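Structural features, examined
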Amino acid sequence: MGKVQGYLPAAPVEVIRRAYEFSAEKHKNQRRASGEPYVSHPLEVAHIIAELKLDVPSIATGLLHDTVEDTLTTLGQLEAIFGTEIATLVDGVTKISQINFTTREEHQAENFRKMILAMARDLRVILIKLADRTHNMRTLDGLSATKQANIAQETLDVYAPLAHRLGIYWMKSEMEDAALHALHPEVYYQLKRAVAKKKTEREKYIRDVQTVLQKQFEAAGIECTITGRPKHFFSIYQKMRSQNLLYEQVFDLVAFRIIVDSVRECYEALGVVHNHWKPVPGRFKDYIALPKANGYQSLHTTVIGPRGERIEVQIRSTEMHRINEEGVAAHWKYKGGAGIDLQDVHRFQWLRQLLEWQQQVKDPHEFLQSFKEDLFPEEVYVFTPKGDLLNFPQGATVIDFAYRIHSEVGHHCSGARVAGRLVPLRYQIQSGDTLEIITTKRQTPARDWLKWAKTPRAKEKIRAWIKNAQASRSMEVGREILGRDLAKHHLDLGKLRGDGTLERIAHEIGLKNSETLVSQVGYGKLTARQVLERVVSEQELATPQEKEGTLQRLFRAVARRPGVSGVRVSGVDDVLVRFARCCDPLPGERIAGFITRGRGVTVHATGCVKVLEADPQRSVDCVWDQVAHTPRPVRLEVMCVDEPGQLAAITKAIAQSGINISKAESRSVPDRKALNTFEVMVEHADDLTRVMRNLTRVRGVMRVERMRA
């Protein structure tokens, strides 16, 4: 109560008291997996919500959020006792809690859409859910290892990125560290030991830097607060993994924060820091002039500090610091309990864009991939020729810029001018660029554009264009194939369409109309024989009407080759199946099939980037046969410390996983590391997961990755 009254003196805390009493009564006979009384969980969630400085209905919802899901309480009862606003918030949190993020791709995509809509209706729902997840991560120990791993991975995939996108960095860091502890305990404890070993030295270094900076700022007449803190474990782990570094090789382990009174003093403080220590080129970012999409503002710079070590410095005003710490919660304006008016809050334009985009994108593979990418954007800022400022995710190209201007500009974009020089479509735009798009009527989208485009809007527009173009082409091809095969039996395609026969066949097959039927034949998803079987007798079909060409005989022989792939393809009989080399899926992994003219069905892992680029209309359902699978070679790359006994420990871990090594190669690389390549024989994706998990637990192993073609 005291915490709430500290930032909301006139708050009706009686509602919070009643919510606690109601929750305690409903959960009185329940206990958590740890053995604690269940009511301790909603109470802690309410404390976290109060740390976010949310309103009374939000805190009451934190106390009540599990009553509908885990007790006999109904929403109607909550509404009668606590009012519509609190009941609606509880309903929203309950629905998000019921989302299963590990289901099939289409269902997962639909769940993400529901979450976006819940965020848009009232962002308090997702803030309360984040508080719920934060406390769940604090109390994972009572669960089984499998449940811990599942919850931790889901947190890294969804909830930590959401906290980041909403600007609540302390929550993001805490969830990431807890997830690291659950997923890679050996790595976590290695880091913890390494950080603890240098604690005294690090604290002295922080004091020395603070003393030097304080003297410099006093001389410049700038009042400020200077704090230094070690980076959290997960960020250190990410840096070690991405750059193949040992802990001793990570230099900027401490970040310093300088808080001043005004924006003017932020830039003055930056000048003082750069005047005393040399800045590292390319490491300065001005998030005050160009705030992040979630409203984050600060100056970031990296300098060469005492003892030649790199120091990361963040400079911000007191108001910026408040907003950066509280994140999105610092901006909400509640209007008579009606929730948030997003139109009033320009800082959340990304959420409005996400809403608009999720209504347009229908393909679940693309939707999921792009949604997850959108949660962690590193943004670049560019100008139009008129001086308008636009922001894009890092890696965006000329194509993304063109489609942001207008769809027609995108469709006919052939390049751009940047600072007077011509750049191609694949040019990655840089912050500060001024782009002038060049268009030609002859230019139209190509499939390669999907590889270069970064934004969901551009990808969807390109895909729609290609789909329309392919639909037109498939109609041509379908008419040609059907016309030729029907003519062999003295039938005319035009007459069959005119008398309704083709329409009848389409309905029998389960297609919308005769146009769709012809198009499906052109795509290769339906054969001419499947149509002929419904208008010509078996005897006539068995009698060859014309001599088959060599190419037709060869294709028919290949297409009807008995399948030995272990994959069943729905709706296509006796078809050749080949595995895509780009992802080489294993039994147990989710797969998607795509019809390829002349090569049967190509099977990809659903997470493969090629799946996003493929035409959805060529997709067919594929499942693994429930039979024993032949062992298949998989290549693994293992980066480790280069020291005696390390290779023996790695091969022992592979052998203990029950996996055979068919090939092995090891070589030393710079910085006292070794790069090992193993070819192992596995029958199922679970085998691969097991061996990779065992390898990550070997002391000295820094990275384990599956190598693909």
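Residues numbered from 1 in each chain as written. Predicted model: local features only at pLDDT ≥ 70, side-chain atom pairs only at ≥ 80, totals over all residues. Heavy atoms only, no water.

1. Notes on the overall build of the protein
Counting its regular elements, the protein contains 31 helices and 20 strands. Across the 709 residues that make up the protein, the buried fraction comes to 49%. Pairs at least 24 apart in sequence give 66% of the contacts found in the protein among residues at least 6 apart. (Helix = DSSP H or I, 4+ residues; strand = E, 2+ residues; numbered from the N terminus. Buried < 20%, exposed > 50% of the residue type's maximum accessible area, 1.4 Å probe, protein only. Contact = heavy atoms within 4.5 Å.)

2. Description of the packing of helix 6 (residues 75–82) against helix 7 (residues 84–97)
Between helix 6 and helix 7, the least distance of the axes is 7 Å, while the angle of their chain directions is 145 degrees. At the point where helix 6 passes helix 7, the crossing takes the right-handed sense. Packed against helix 6, whose contacting residues are L75, L78, E79 and F82, the element helix 7 presents T84, I86, A87, V90 and D91 at the interface. A per-class count over the contact of helix 6 with helix 7 returns six nonpolar, one polar and two charged. (Axes fitted to C-alpha atoms, helices over the stretch in contact; angles between N-to-C directions. Left-handed = near helix turned anticlockwise from the far one by under 90°. Nonpolar A, V, L, I, M, F, W, Y, C, P; charged D, E, K, R; others polar.)

3. Brief notes about the pattern of salt bridges
For side chains of opposite charge, pairing can occur when their charged atoms come near one another. Going through the model one piece at a time under the given rule, you end up with 26 salt bridges. Across the pair D208 and K204 runs a salt bridge whose closest N-O atoms are separated by 3.1 Å. Residue D208 and its partner K204 are both found in helix 13 (residues 199–220); the two are separated by four residues, about one turn of the helix. Sharing partners across several salt bridges, the network here consists of D55, E85 and R124. (Salt bridge = Lys/Arg side-chain N within 4 Å of Asp/Glu carboxyl O.)

4. Side note on the pairing of strand 4 (residues 299–304)
The buried fraction of strand 4 is high, at five of six residues. When strand 3 (residues 285–286) meets strand 4, the two strands line up antiparallel, connected through two bridges. Residue pairing for strand 4: D286 is matched across the bridge by L299. Relative to strand 5 (residues 310–317), strand 4 runs antiparallel, the two being bridged by six bridges. Its bridge partner being in strand 5, H300 is matched across the sheet by Q314. (Pairing = 2+ DSSP bridges.)

5. Details of the packing of helix 13 against helix 15 (residues 263–276)
Here helix 13 crosses helix 15 at 125 degrees, and the two axes come no closer than 10 Å. Taken together, the axes of helix 13 and helix 15 are oblique relative to one another. When you trace helix 13 past helix 15, the crossing you get is right-handed. Seen from helix 13, the contacting residues are V212, L213, Q216, F217 and A220; seen from helix 15, they are A269, V272, V273 and H276. Looking at the contact of helix 13 with helix 15 residue by residue, the classes come out as seven nonpolar, two polar and no charged. (Parallel < 35°, antiparallel > 145°, perpendicular 65-115°, else oblique.)

6. Observations regarding the nonpolar core
Judged by nonpolar contacts, the single largest core of 62 residues is most densely connected at L64, L130, M171, L180, L191 and Y247. Counting residues per element, this core draws most heavily on helix 9 (residues 124–138), at seven residues. (Core = buried A, V, L, I, M, F, W, Y, C linked by side-chain atoms within 4.5 Å.)

7. Here we look at helix 14 (residues 233–243)
Looking only at helix 14, the buried set comprises F233, F234, I236, Y237 and M240. For helix 14, the arc enclosing every buried residue in end-on projection is 160 degrees, short of the 170-degree limit, so these residues lie on one face. Where helix 14 is buried, its residues meet helix 10 (145–165), helix 11 (169–183) and helix 12 (185–197). (Arc of directions from axis to C-beta.)

8. Brief notes about unusual backbone geometry
Its identity as a non-glycine residue notwithstanding, K53 has a phi of 60 degrees, on the positive side. Along the chain, K53 falls in the loop between helix 3 (40–51) and helix 4 (56–64). For K53, a relative accessible area of 41% translates into the label partly exposed.

9. Notes on the side chain of S298
One can find S298 in the loop between strand 3 and strand 4. One polar contact links the side chain of S298 to the main-chain carbonyl oxygen of I315, over a distance of 3.2 Å. A polar side-chain atom of S298 sits 3.5 Å from a polar atom in the side chain of R316. Every residue in contact with S298, bar those within four places of it in the chain, is listed here: K285, D286, Y287, I288, Q314, I315, R316 and N324. (Polar contact = N/O pair within 3.5 Å; in protein donor to acceptor, adjacent residues only side chain to side chain.)

10. Re the sheet that holds strand 4
Reading across from one edge, 1-2-5-4-3 is the order of the five strands in this open sheet, with mixed pairing throughout. With one partner strand each, in any of the chains shown, strand 1 (225–230) and strand 3 form the two edges of the open sheet. Against the sheet, helix 13 makes contact with strand 1, strand 2 (254–260) and strand 5, and its axis sits at roughly 160 degrees relative to strand 1, the strand it touches most.

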